[in-house]
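# A structural walkthrough
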Amino acid sequence: MPATGRIDLHAHSSVSDGTQSPAELVAAAAEAGLEVVALTDHDSTAGWAEALDAASGMGVTVLPGMELSTQLDFASVHVLAYLVDPAHPRLVAETARIREERLHRAESMVARIGRDYELSWDDVLAQTTPGGTIGRPHIADALVARGHVADRTAAFQSILHWRGGYYAPHEAPSPLAGVELVVEAGGVPVIAHPGARGPDHVLTRRRLEELVDAGLFGVEIEHRDNPPAAREKWSALARRYGLVETGSSDYHGAGKPNLLGEHTTSRAVYEAILARGTGTRVA
Ligand code: AMP
Ligand code: FE
Ligand code: FE
Ligand code: ZN
């Protein structure tokens with residue numbers, strides 16, 4: 001077995017802002033030659049059953065996970081949460097609350113956009129999966145369907161940009177509260193794309209130390225949203241604080257250019273995550 005290359009620990013399905021169903025995502029992972037794919041929908045574990053079901057017989061292992069939204073000083077910090085107990089009452093309640101906040105925030109963004117562009121809330125709903133986690137990508141898809149922009153990327157660079165005039169943040173717990181919650185739910189917390197603008201700006205050394213003390217397990221280093229200098233910085237921090245380093249694609253189907261397996265995680269780190277998580281067992 002190779003030490004690296006076939007373990008991708010961050011991917012989205014249509015349960016959040018990916019464009020493929022969980023089963024389709026697993027099939028795409030098999031097609032891409034992956035051994036392990038983590039399903040990490042935003043603030044939801046609703047895709048797990050379908051993905052785990054699809055994986056049996058397909059030669060791919062699904063690592064059940066989630067990408068928990070947290071907020072600090074108006075910046076989004078995403079916490080990957082592997083092997084949480086999906087029935088943990090406080091996790092269930094908090095993620096339901098975050099999805100609700102996301103819904104209100106999307107409605108208010110769409111109301112504002114609707115003053116300047118032909119766009120209704122029904123247009124956005126038409127782009128979502130019932131019960132799924134709503135985000136700007138669904139507003140982007142509605143803008144594309146209406147012909148206002150060419151694709152999601154163009155939408156994010158204009159109307160949906162955080163300085164585009166329509167942006168609103170949504171409420172979410174702090175990164176510290178998020179890490180504590182994931183640990184309480186038996187999960188393994190890893191900061192997603194820490195070198196991206198938001199997290200890199202707000203996660204000071206002192207705040208990182210608080211997360212480490214709360215049980216932070218790793219940081220996602222190999223990811224296309226981490227610029228090279230930030231990878232070096234965060235890799236040095238990982239060594240200093242004894243955090244594991246992961247790598248992943250953050251695949252969203254056709255919703256982003258990211259390709260399954262474009263960055264991967266070592267087998268040793270994957271096994272350390274399996275050994276640490278207690279909320280769910282991987283068969
Ligand atoms: P939100 O959490 O609703 O603010 O939306 C952010 C989400 O949009 C992230 O999780 C990304 O997956 C997605 N996203 C960010 N930038 C882009 C982009 N340029 N193209 C497609 N999706 C994007
Ligand atoms: Fe996303
Ligand atoms: Fe993210
Ligand atoms: Zn993601």
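The paragraphs below set out a description of the structure included in this document.

Conventions and cut-offs
Once a new chain begins, its residue numbering starts again from 1 and follows that chain's sequence as written. Labels are handed out in written order, letters beginning with A for the chains and numbers beginning with 1 for the ligands. Local features in a predicted model are, by the rule used here, given only for residues with pLDDT of at least 70; side-chain atom pairs are given and counted only at 80 or more, and totals for whole chains, interfaces and linings are based on all residues. Calculated side-chain values reflect all of the structure's heavy atoms, with hydrogen atoms and water omitted. Donor selection uses N, O and S atoms within 2.8 Å of the metal (3.2 Å for Na, K and Ca). Since no water is included, sites may look incomplete. Every geometry call rests on angle ranges, with four donors termed tetrahedral when all angles are between 85 and 135 degrees, four termed square planar and six termed octahedral when opposite donors are over 155 degrees apart and all others are between 65 and 115, and everything else termed irregular. A run of DSSP states H or I qualifies as a helix once it reaches four residues; a run of E qualifies as a strand once it reaches two. Both are numbered from the N-terminal end. Accessible area is worked out with a 1.4 Å probe on protein chains only. A residue is then buried under 20% of its type maximum, exposed over 50%, and partly exposed in between. Here the rule is simple: two strands pair whenever DSSP picks up at least two bridges between them.

## Some points on the coordination of the zinc ion (ligand 4)
Taken together, His10 (NE2), His12 (NE2), Glu67 (OE) and Asp250 (OD) make up the protein donors of the zinc ion (ligand 4), found 2.1 to 2.3 Å from the metal. Between the four donor atoms coordinating the zinc ion (ligand 4), the angles at the centre fall across 75 to 165°, so the site counts as irregular. Each donor residue of the zinc ion (ligand 4) lies on one chain, and together they are spaced H-x1-H-x54-E-x182-D. Taken as a pair, the zinc ion (ligand 4) and the iron ion (ligand 2) show a spacing of 4.3 Å. Taken together, the residues span a long stretch of sequence, with Glu67 in strand β3 (residues 61-72) and Asp250 in the loop between β7 (244-247) and α11 (267-276) at a distance of 183 residues. Exposure remark for Glu67: the relative accessible area of 1% places this residue in the buried category.

## Brief notes about the coordination of the iron ion (ligand 3)
The iron ion (ligand 3) binds to the protein through Glu67 (OE), His78 (ND1) and His193 (NE2); the donor distances cover 2.0 to 2.2 Å. Sequence spacing among the residues donating to the iron ion (ligand 3) works out to E-x10-H-x114-H. Between the iron ion (ligand 3) and the iron ion (ligand 2), a spacing of 5.5 Å is present. On the criterion of sequence distance, the pair formed by Glu67 in strand β3 and His193 in the loop between β5 (188-191) and α8 (197-202) is long-range, its members being 126 residues apart.

## A look at the pairing of strand β4 (residues 75-82)
Along any regular strand, the residues point their side chains to alternate faces of the sheet. Burial of β4 is extensive: seven of the eight residues sit out of reach of the surface. Taken together, β3 and the strand that follows it, β4, pair antiparallel across an intervening segment of two residues, in which Asp73 is found at a positive phi of about 50°. Pairing analysis gives four bridges linking β4 to β5, with the strands arranged antiparallel. Across the sheet, residue Leu80 finds its bridge partner in β5, namely Val190.

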